[in-house]
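Listed here are the chains, written in short residue letters.
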Amino acid sequence: MELSKSHKAYFRAAKAVSELSQFKQHRIGVVAVYKHKIISSGYNSDVTNPLQKKYNRFRFNTDETLHSKHAELECLLPLINRKDIDFSRMSLYVYRQHKSGAPGIARPCESCFNLIRDLGIRDIYYSNEGGFSHEEIIY
């Protein structure tokens, strides 16, 4: 995927947010872009959340797993009840950083994809081992 100046700037912001994560193995940062502005950000953390627990049912067959917040949930949580946002016009930029500092695959997991779908978000950009990818969700 060829990145425009805007895409590069949003990925730089997501990378900066990923560096706030306490996870040692991989750090994930997300920025939500609406009308060409970053309106929210989040990173993976070991803090648990009941909404993460709800969406984790798409990934796990047990309720015994920890429900620590994924970066996507952390980013979207303050926006969920906002009536002034058309989520179909929002884009998410997800960046994963390995312990070595190299970018990694940051495609959202099934839990996060279901949250993203439920909100109606269509465009997801994420880092991968060789660069960056884009997925458009068709409803």
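As a convention, each chain's residues are numbered from 1 in the sequence order in which they are written. Since the coordinates come from a predicted model, pLDDT governs what is reported: local features require at least 70, and pairs of side-chain atoms require 80 or more to be given and counted, while whole-chain, interface and lining totals use all residues. The side-chain quantities take in all heavy atoms of the structure and omit both hydrogens and water.

Help me understand the nonpolar core, please; the structure alone is not making it clear to me.
The nonpolar side chains of soluble globular proteins are, as a tendency, buried together. The definition of a nonpolar core used throughout is a set of buried Ala, Val, Leu, Ile, Met, Phe, Trp, Tyr and Cys residues joined through side-chain atoms within 4.5 Å. The buried label applies to any residue whose accessible area, calculated with a 1.4 Å probe on protein chains only, is under 20% of its type's maximum; exposed applies above 50%, and partly exposed to all values in between. If you look at the biggest cluster of nonpolar residues, it comprises 24 residues, and the most contacted ones within it are Leu-76, Met-90, Leu-92 and Ile-121. Helix and strand labels come from DSSP, where a helix needs a run of H or I of at least four residues and a strand needs a run of E of at least two; each type is numbered from the N terminus. Contributions of two or more residues to this core are made by β1 (26-34), α3 (71-76), β3 (90-98), α4 (110-119) and β5 (123-128). Two residues qualify as a contact provided that any one of their heavy atoms is within 4.5 Å of a heavy atom in the partner residue. In contact with Leu-92, other than residues within four places in its own chain, are Val-30, Val-31, Ala-32, Leu-76, Ile-116, Ile-121, Asp-123, Ile-124 and Tyr-125.

Can you walk me through the pairing of β5 in this structure?
The two faces of a sheet get side chains in turn, since along a regular strand they alternate between them. Of all six residues making up β5, six are buried, and the element is well covered by its neighbours. Burial along β5 is two-sided: the residues Asp-123, Tyr-125 and Ser-127 and Ile-124, Tyr-126 and Asn-128 are all buried. Pairing of β3 with β5, which is carried by four bridges, proceeds in the parallel orientation. Its bridge partner lying in β5, Ser-91 is registered against Asp-123. Relative to strand β6 (residues 131-136), β5 runs antiparallel, the two being bridged by six bridges. Across the sheet, Asp-123 pairs through a bridge with Glu-136, a residue of β6. Strand pairing requires that DSSP identify at least two bridges connecting the strands.

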